[in-house]
Amino acid sequence: SEQEKVLLQLSHVTHVYDPDSKESFPALNDVSLSIHKNEFIGIIGHTGSGKSTLIQHLNGLMKPTSGTITYDGKDIWQDGYPLKELRSKVGLVFQYPEYQLFEESVFKDVCFGPKNQGLIEDEVKARATEALKMVGIDESLYEASPFELSGGQKRRVAIAGVLAMNPQILILDEPTAGLDPKGRDDILGQIAKLQKERGITIVLVSHSMEDVAQYASRILVVNGGKIVFDDKPRKVFEHEKELHEMGLAIPQVTQLMHRLKSEGYPVFENAITVQEA
Ligand code: ADP
């Protein structure tokens, strides 16, 4: 079915940063992975496990040392493949994306990407308006300088800039870093809506299991350049001892779900089932 459709596929992808160095080691080591339409994937692992290296392979920013990557069944590293197009279909929001805001107004900033794609002005404006709506930025802020905004608002504008490119997959690297709990829940809620209501595939990278556990229907645990677990959250949480050894704490599932429900967050069936005490 359309839901099951594979968008991106990595087969035996290995990445060595400095192959000529004696100390070189694979930052990604024989990783195989399929990303389907409309999934919400959480990627988790401690610092240095290989998360950033992995996600930069998903939109062709990094080239694998070996292995293949296909998008819609086509090898993205074959001669003549339109990598620029891929980078708008697979949108990547870096850590602290607000540092990349530079235009004089919020609206202009979000227009930058689609304008660069060569779209006509009306289409650019329509894309920007839609993207800003999608992240919950009010029209009253369109003419504001990005620098006048709060931390959470800046981050939303930066995410809108990527959404304005109309991605099928949105990858976010630590989108809640540095935000307070309210800002964090707001952003994660908005991201979940993009997947539920717009059908955008989400890949959320975090070192916090709690962040990932809230919405992801599938969790990839990265350790030492390998994907060591790839399963539904509750299945991944069964490996408590191994996760602990990797420095990953499991959220108190029952407690977490009760908190989320009490705060009015939707608790998805496919995420975690609440265990009865
Ligand atoms: P994470 O995102 O999980 O923190 P990274 O993908 O950044 O992990 O890093 C994986 C490994 O690759 C680490 O050992 C890191 O030191 C190494 N690494 C990352 N970037 C570079 C680089 N530009 N040059 C050399 N080694 C790197």
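Think of each chain on its own: its residues are numbered from 1, step by step along the sequence as written. At least 70 in pLDDT is required for a residue's local features to be given in this predicted model, at least 80 for side-chain atom pairs to be given and counted, and no such filter applies to totals for whole chains, interfaces and linings, which use all residues. Excluding hydrogens and water, the side-chain values take into account all heavy atoms of the structure.

All right, on to the packing of aromatic side chains then. A pair of aromatic rings is counted whenever rings of Phe, Tyr or Trp (Trp by its six-membered ring) have centres within 6.5 Å, and the orientation is called stacked for planes under 30 degrees apart, edge-to-face for over 60 and tilted otherwise. In the structure shown here, the tally under the stated rule is four aromatic pairs. When the centroid spacing of 6.4 Å and the interplanar angle of 25° are considered together, the rings of Phe40 and Tyr215 count as stacked. Taken together, the residues Phe40 in strand 3 (residues 40-44) and Tyr215 in helix 7 (residues 209-215) connect sequence positions 175 residues apart. By the burial criterion, Phe40 is buried, and Tyr215 matches it. Going along the chain from the N terminus, every DSSP run of H or I of four or more residues is numbered as a helix, and every run of E of two or more is numbered as a strand. Categorising residues by exposure relies on relative accessible area from a 1.4 Å probe, with only protein chains included: less than 20% of the type maximum marks a residue as buried, more than 50% marks it as exposed, and the intermediate range marks it as partly exposed.

Around the ligand sit Tyr17, Phe25, Ala27, His46, Thr47, Gly48, Ser49, Gly50, Lys51, Ser52 and Thr53, and that is every residue in its neighbourhood. Polar contacts, as counted here, are pairs of nitrogen or oxygen atoms within 3.5 Å of one another; within protein the pair requires one atom able to donate a hydrogen and one able to accept it, and residues that are adjacent in sequence qualify only if both atoms are side-chain atoms. The backbone of Gly48 places a nitrogen or oxygen atom 2.7 Å from an oxygen atom of the ligand. A distance of 2.9 Å separates an oxygen atom of the ligand from a polar atom in the side chain of Lys51. Calculation of accessible area relied on Shrake-Rupley with a 1.4 Å probe; when residues are assessed, cover is drawn exclusively from the protein chains displayed. The fraction of the free accessible surface of the ligand (560 Å²) that becomes covered by protein chains is 59%. With three residues, helix 1 (residues 51-58) is the largest single contributor of residues to the shell around the ligand. Nearness of a residue to a molecule or strand requires only that one of the residue's heavy atoms be within 4 Å of it.

Right, let's get into helix 6 (residues 181-198). Its 18 residues give helix 6 an end-to-end C-alpha distance of 25 Å, which sits within 8% of 26 Å, the value for a rise of 1.5 Å per residue. For helix 6, the complete set of buried residues consists of Gly183, Asp185, Ile187, Leu188, Gly189, Gln190, Ile191, Ala192, Leu194 and Gln195. Take the number of residues in a helix, subtract one, and multiply by 1.5 Å to get its expected span.

A strand pair is defined by DSSP finding two or more bridges across the two strands. Across the sheet, six strands lie side by side as 6-7-8-3-9-10; this open sheet has mixed pairing. Where the open sheet ends on each side, the last strands, each with one partner, are strand 6 (90-93) and strand 10 (226-231). In this sheet, neighbouring strand axes are inclined to one another by 15° on average, regardless of whether the strands run parallel or antiparallel. Where strand 3 and strand 9 (residues 218-223) come together, four bridges link them in parallel fashion. Paired with Ile41 across the two strands is Arg218, which belongs to strand 9. Two residues form a contact once any of their heavy atoms are found within 4.5 Å. As a rule, the C-alpha atoms of each element are fitted with a line to give its axis, helices using only the stretch in contact, and angles between N-to-C directions run from 0 to 180 degrees. In the packing of helix 6 onto the sheet, contacts are made with strand 3, strand 7 (169-173) and strand 8 (201-206), and the angle to strand 8 comes to roughly 150°.

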